[in-house]
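# Commentary on secondary and tertiary structure
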There are 2 protein chains.
Amino acid sequence: MSSDASPAPAPVTLREVAASAGVSVATASKALNGQGRMTAETRERIRETARRLGFRPNSLAQSLLRRRSFTVGLLTNDTYGRFSLPLMSGVSDALVDAGVSVFLCNVEDDTRLAQLHVEAMLDKRVDGIIATGKRIDRHLPVDLANLRIPVIYAFTQPDPGAIAFVSDDSGGARLAVEHFCRLGRKRIAHVTGPASFAVVHERAQAYRDVLTEKGLPVMEPLLGSWSEAWGHEAVKKLFDGQGKLSKTGSEKPDAVFCGNDQIARGVIDALRERGLGVPDDVGVIGFDNWQIVAEATRPPLTSVDMNLAALGREAGLTLLSLVGGQPAAPGIRKLPCRLVVRQSCGRPPDG
Amino acid sequence: MSSDASPAPAPVTLREVAASAGVSVATASKALNGQGRMTAETRERIRETARRLGFRPNSLAQSLLRRRSFTVGLLTNDTYGRFSLPLMSGVSDALVDAGVSVFLCNVEDDTRLAQLHVEAMLDKRVDGIIATGKRIDRHLPVDLANLRIPVIYAFTQPDPGAIAFVSDDSGGARLAVEHFCRLGRKRIAHVTGPASFAVVHERAQAYRDVLTEKGLPVMEPLLGSWSEAWGHEAVKKLFDGQGKLSKTGSEKPDAVFCGNDQIARGVIDALRERGLGVPDDVGVIGFDNWQIVAEATRPPLTSVDMNLAALGREAGLTLLSLVGGQPAAPGIRKLPCRLVVRQSCGRPPDG
DNA sequence: CTGAAAGCGCTTACAG
DNA sequence: CTGAAAGCGCTTACAG
């Protein structure tokens, strides 16, 4: 009972199991671990005794011997994290079945706090560390380069020579733009976030590449903030006054690929407010597939999903194999995004 | 280096420090822990040696002796959790300074998974457990009642006789409705979530109580889903046809208190679409203070904040004191909400 | 003032 | 086939 002040009964130890079964602790240990050689009856008797007493080995003692704590540290600065959360749950899922538990370390952007957490992890002899964050192009405020345990970076800026998993933003952007092309859209605009984000450039380049490949006009991407308000403003820029399509003169876009779902939401609302139909007049695709936003948008938003839970899984499994002594090549692994189709793009012309 | 296959150098042990300083491990231990009696020079020499070698005590060994692992388990089923996240970061912040690390256990609504995590926690000899979830009136899919370590419930249904922290939803609702009254609103409606949620009734009752106290007309709360779509629909019900105010006949509301921010967002959008101004014609208040929604709403949404980070802090500190052997009375502690005023309610009449 | 010994709970060679 | 011994890295009475 949580509120009961009575002294908690100590957990039963191997020594007690051994005594109760009339064997030595060594034999008891071997019986339970399937090690050594003994009669099947002895082994079964010991196992039965352990079961009866509710014996569970003290993981701290085991860790001390094995030099392996079956814990890992998960560092993140994405406190209110819509990015961290799926990633964390992916990591956790990948590890729980291996009996590995995850320490959650909220480091904010605070070097002192980050240092504190890293030291706590090291003191607790975690088997490895996963570093994650809220953007791919920023490093956590702490140096993880020369630890004596494996480190995996996921969705955050890695140290040189490290192993990192990130989403393939370029591929994700291609998915979106190619989807528009497949639907017969011809004048595709791109409204995205600030120039200070690496992904803004990466996605914009993919946008340009696809349009160039398809022989469609490329509009200069509109950079702004990651907000609905910017979505509204961008629609004003795109649909007021003369259009700015490089090849076709003054025609208005019939599709907008947005850098995130909030921008897309703003774009869709602004289009509706000026009497433009989505998807009939203009198709819209977002990025992040933030379910709660994408589904509330009218109509529900088609969006690029970065597969962050899968990314977390991969990071977790790779860390596990590193801890297990398997080698792994350093470098940045880009994991594919996927397009989640809802109703903001319409059907193919022949569909 | 994470990707380097060279054998990791073992961490330096107390034995090495002792050898290097020319003392016994016992003396070294005492020197570093400020225990025992020895000359100031000896102590300082040992400390200096430890510092020079980068000695950090193995927390696993210490835990084994002290019967205290300086870890706690945090169970949650709020995977994509906008509720869990601030709560978790509150817990983590409260504990990190005490050197206590937090195991993140994502149990979903899966009994097997929850059991697995609880056993892992017990095996790892966590000092205590914090159970949290996505709603106050649902129990996690696992029994935490008779563990031999303290358990604190936070924002989830507790076991009888346990210690729990929850938000004061009734008080939060009062805050909202009284704010409307203070601004001179007279016909205040309430649009909220499904009847299956306890908080729906608790908040609705507070809504009725305040209006009754103030002698204002009480409208029957409109129950629906926690979605923007329901916000739209509710506006239709409230503003189409004849009004349904019990005392004043057919007058339309001049204020809507919403059960969450998404409903509020839908209400505000719907009002604007029918040409009603917020806050001039109708004031709107939400619940949850989900920043990203509240700030994107036009105008930005006044909302009730459940202070979940503070709730997490309290839960963490209380667990700490329980672990430290302080007694604490069982029962449910309701922590106050706060009203975050933005622009959806207007200024007071004389403001 | 300092060190040898015992021990936390377990595992793993090594004897018998 | 089973057990005594040593040891993981540390701390804490207890001697000296």
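Bear in mind the structure is a predicted one, so any value in this text is a computation, not a measurement.

Calculation notes
Residues numbered from 1 in each chain as written. Chains lettered and ligands numbered in written order. Predicted model: local features only at pLDDT ≥ 70, side-chain atom pairs only at ≥ 80, totals over all residues. Heavy atoms only, no water. Helix = DSSP H or I, 4+ residues; strand = E, 2+ residues; numbered from the N terminus. Rg over C-alpha atoms; globule rule 2.2 N^0.38 Å. Buried < 20%, exposed > 50% of the residue type's maximum accessible area, 1.4 Å probe, protein only. Contact = heavy atoms within 4.5 Å. Areas by Shrake-Rupley, 256 points an atom, 1.4 Å probe, with all protein chains shown as cover. Lys, Arg positive; Asp, Glu negative; His and termini not counted. Charge placed at Lys NZ, Arg CZ, Asp CG, Glu CD. Near = heavy atom within 4 Å. Polar contact = N/O pair within 3.5 Å; in protein donor to acceptor, adjacent residues only side chain to side chain. Nonpolar A, V, L, I, M, F, W, Y, C, P; charged D, E, K, R; others polar. UniProt positions renumbered as here; feature names shortened; annotations may be inferred. Buried area = accessible area lost by both parts, 1.4 Å probe. Salt bridge = Lys/Arg side-chain N within 4 Å of Asp/Glu carboxyl O. Pairing = 2+ DSSP bridges.

### Overview of the overall build of chain A
Helix and strand counts for chain A come out as twelve helices and twelve strands. The C-alpha radius of gyration computed for chain A amounts to 27 Å, which surpasses the reference 20 Å derived for 351 residues by more than 25%, pointing to a less compact arrangement than a globule. With the C-alpha coordinates aligned to their principal axes, the bounding extent of chain A is approximately 90 × 45 × 40 Å. Expressed as a percentage of its 351 residues, the buried residues of chain A come to 55%. A separation of at least 24 residues holds for 69% of the contacts in chain A among residues at least 6 apart in sequence. With an accessible surface of roughly 14,700 Å², chain A has 52% of that area assigned to carbon and sulfur atoms. A gap of 5 Å separates the mean positions of the 43 positive and 39 negative side-chain charges of chain A.

### Observations concerning the protein's contact with DNA strand D
Around DNA strand D, the structure places 27 residues, and the nearest of them are K30(A), R37(A), R67(A), L14(B) and S29(B). Among the atoms of DNA strand D close to the protein, meaning within 4 Å, 66% are from sugar or phosphate groups. Within the side chain of N33(B), an N or O atom sits 3.3 Å from a phosphate oxygen of DNA strand D. Taken together, the elements giving at least two residues each to the surface near DNA strand D come down to α2 (25-33) and α4 (59-66) of chain A together with α1 (14-21), α2 (25-33) and α4 (59-66) of chain B. Residues that form the surface near DNA strand D fall into these classes: eleven nonpolar, nine polar and seven charged.

### Points about the UniProt feature "domain: HTH lacI-type" (unreviewed entry) in chain A
UniProt tags residues 12-66 of chain A as "domain: HTH lacI-type" (unreviewed entry). Secondary structure across residues 12-66 of chain A divides into 71% helix and 0% strand, with the first and last C-alpha atoms of the span separated by 21 Å.

### Re unusual backbone geometry
All names here are of chain A. A cis geometry characterises the amide bond from V278 onward to P279, with omega recorded as 10°. For P279, the location among the structural elements is in the loop between α10 (261-273) and β9 (283-287). Despite not being glycine, D288 has its phi angle at roughly 115°, a positive value.

### A short note on the interface of chain A and chain B
The interface is formed by 73 residues belonging to chain A together with 72 residues belonging to chain B. Between chain A and chain B the total buried area reaches about 5,900 Å² when both faces are included, carbon and sulfur atoms providing 56% of it. On inspection of chain A and its partner chain B, the count reaches twelve salt bridges. At the surface where chain A touches chain B, the tally comes to 24 residue pairs in polar contact (both at pLDDT 80 or more). At the level of secondary structure, the elements contributing two or more residues to the side of chain A that touches chain B comprise α4, α5 (84-96), β2 (101-106), α6 (111-123), α9 (228-239), α10, α11 (291-296) and α12 (308-323) of chain A. The biggest single contributor to the side of chain A that touches chain B is α6(A), with eight residues. Per-class residue counts for the side of chain A that touches chain B are 37 nonpolar, 19 polar and 17 charged. Where β2(A) meets strand β2 (residues 101-106) of chain B, three bridges bridge the pair, whose relative direction is antiparallel. Within β2(B), the residue paired with F103(A) across the bridge is F103(B).

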